[in-house]
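Structural characterization, general
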Amino acid sequence: MNQHILMMGLNHTTAPIDVREGVACTRHDLAQALPQLVSPGGPGAKTPLTEGLILSTCNRTEIYAVTDDLSRSEDWLREFFAARLMSWSAALRLRSATPGHQPLAQCLYMRRDREAVRHLFSVACGLDSMILGEFEILGQVRAAYELAAQHRGARGEQAPLMSKTIGPILSALFHAAVHTGKRARSETAIGRGAASAAYAAVQLARKEVGDLRDRSVLVIGAGEMGQRVAQGLQANGARPLSVASRNYDHAVTLARHLGGRAIQFEELEDALRDADVAISATGAPHLVLHATTVARALSARPQRTLCIIDIAVPRDVDPAAAQIPNVHLCDLDDLQTVARENILEREKEVMIVQGIIAEEAEEFWRWYSARPAAPVIGELCQRAEAIRAAELSKAMRRLGHLHLSERDRNVIAALSEGIVGKLLAAPMARLKEHAQNGDGQMYLDAVSELFELTENVKREA
């Protein structure tokens, strides 16, 4: 059967934040969800996927898969997304929030084969990001591959049992995607400057409250995104700067580096009383800032406005906080204004990057299309080498009375290798060409028959 590359997902252009956070996968989620995508096979296997990988970021969740049954696989992936969203909605109701999802079917998009390859390469280059050319996405693509490529033979202390869920096709595809992303950043200016969600959040804060100098700013979260936010705020003159994190040591380290103040997570309410801007960027799977906490903090400063910018997925801040007087709550979807300005600055680089993507996608597709010929070519080369080695050995025994030197023996061996190599070069090139053009099966079957290659190889081809 023919294998296909399939991608299904949603992103900031097709789904609002409440849907994106509903299907998003944390690293812990991925360790549990990936094995569900791809079973080990056998008569009882339910999934039609042979390889699977999940790319989940703040603005997208996409599944890349390999399958020989497109119809079943598309249904399988739709069910996977629907189950995650349903589970999230149930959890949301338990948190006293109200889900208001756009229908999932309207959010999902799908790409097959060549289009799936081009889409991934565009993602890796930052062309499909809210912030055009963002630099974080390339690392996220690499991290998604590395997690799917993990294999643990025993249950670890920090992570559940998990087997690798990708094989040769997705492995080659994601290596090519990372290579393409690196080319785009080294050969063009698409990723130069501050292209990131953290940068956009700081710019949005400036739009909301004006000059950040002498503004009291609170950063919630001291992870990678929180660090970038804090650095951007400092560069824009925000003073004083406070950092809160569930891991107080991390908050202390970041605050000390930036000349700010670390606060305990339990002190958030007090910190909000003094803040003009609060930017939240944790990796928590639940709310970290409830509307009641915000309301109590604002009651002590009824005449001052508080701008809260939530760039976490799932969201850190209770959406109900937007209803509190003098609170202006923004989330990732509100970064679109800054994103549009970013596009104007970088759009001249887009065409150059698209050329790189087209070149690399074609190169990958040549490799992918020629894969059916590989088993036959490999077996043909093994058969030819076995015959060459046997005949060379026989000839050397017959020439034993000549007492050939080592150099003479090497010359004769090289002659035999050259003859075999030249005889096979054209047939192997033609087999690859026909495989790439989609009409190679007839030729592969003919070669297997003519050279008496194994039935196993014929089935693999």
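Described below are features of the structure shown in this document. (Residues numbered from 1 in each chain as written. Predicted model: local features only at pLDDT ≥ 70, side-chain atom pairs only at ≥ 80, totals over all residues. Heavy atoms only, no water.)

Attention now goes to empty space enclosed by the protein. Enumeration according to the criterion identifies one cavity of 30 Å³ or more in this entry. Volume-wise, the largest cavity comes out at about 40 Å³. Along its surface, the largest cavity is lined by C58, N59, S129, M130, I131, E134 and A197. A breakdown of the residues in the lining of the largest cavity according to their chemical character gives four nonpolar, two polar and one charged. (1 Å grid on protein atoms, 1.4 Å probe; cavity = no way out; pocket = protein on both sides within 12 Å on 5 of 7 lines; lining within 4 Å. Points joined across faces, edges and corners; volume = space filled by probe spheres on them. Nonpolar A, V, L, I, M, F, W, Y, C, P; charged D, E, K, R; others polar.)

A separate point is the environment of I412. Position of I412 relative to the elements: it lies in helix α15 (residues 406-437). Since its relative accessible area comes to 25%, I412 is described here as partly exposed. Sequence separation between I412 and A395 is 17 residues; the distance between their C-alpha atoms is 9.5 Å. (Helix = DSSP H or I, 4+ residues; strand = E, 2+ residues; numbered from the N terminus. Buried < 20%, exposed > 50% of the residue type's maximum accessible area, 1.4 Å probe, protein only.)

This part covers the pattern of salt bridges. Within the structure shown, the criterion is met by 22 salt bridges. Residue R296 pairs with E269 through a salt bridge whose shortest N-O separation is 2.9 Å. With R296 in helix α12 (residues 291-299) and E269 in helix α11 (residues 268-274), the pair connects residues that are 27 residues apart, well separated along the chain. The buried category is assigned to E269, whose relative accessible area is 18%. Through salt bridges with shared partners, a single ionic network connects R183, E187, E359 and E360. (Salt bridge = Lys/Arg side-chain N within 4 Å of Asp/Glu carboxyl O.)

Further remarks concern the sheet that holds strand β10 (residues 327-330). Taking strand neighbours across the sheet as the criterion, the six strands line up as β7-β6-β5-β8-β9-β10 in an open arrangement whose pairing is parallel. Whereas interior strands pair on both sides, the edge strands pair on one side only; in this sheet they are β7 (261-263) and β10. On average, each strand axis in the sheet is inclined to that of its neighbour by 20°, with strand direction left out of account. The pairing of strand β5 (residues 217-220) with strand β6 (residues 241-244) spans four bridges and is parallel. Considered in β6, the bridge of I220 is made with A244. Strand contacts of helix α8 (residues 197-209): β8 (277-280), β9 (306-310) and β10, with the helix running at about 160° to β9, the strand carrying the most contacts. (Pairing = 2+ DSSP bridges. Axes fitted to C-alpha atoms, helices over the stretch in contact; angles between N-to-C directions. Contact = heavy atoms within 4.5 Å.)

Our focus in this paragraph is the state of the cysteines. Scanning all chains against the criterion turns up zero disulfides. Cysteine C307 is unpaired, with the sulfur of C330 as its nearest cysteine sulfur at 4.8 Å. (Disulfide = S-S within 2.5 Å.)

Strand pairing in a sheet relies on backbone hydrogen bonds. The paired strands run either parallel or antiparallel. Pairing in this open sheet of four strands is antiparallel, and the strands run β2-β3-β1-β4 from one edge to the other. The sheet is open, and its two borders are formed by β2 (49-57) and β4 (109-112), each paired with just one other strand. Here the strands of the sheet are splayed against their neighbours by 15° on average, with no regard to which way each runs. With eight bridges connecting them, β2 and strand β3 (residues 60-67) associate as antiparallel partners. Paired with E51 across the bridge in β3 is V66. Contacting β1 (4-11), β2 and β3, helix α7 (residues 168-187) runs over the sheet at an angle of about 35° to β2.

From the geometry alone we can't say anything about function, so treat these as descriptive.
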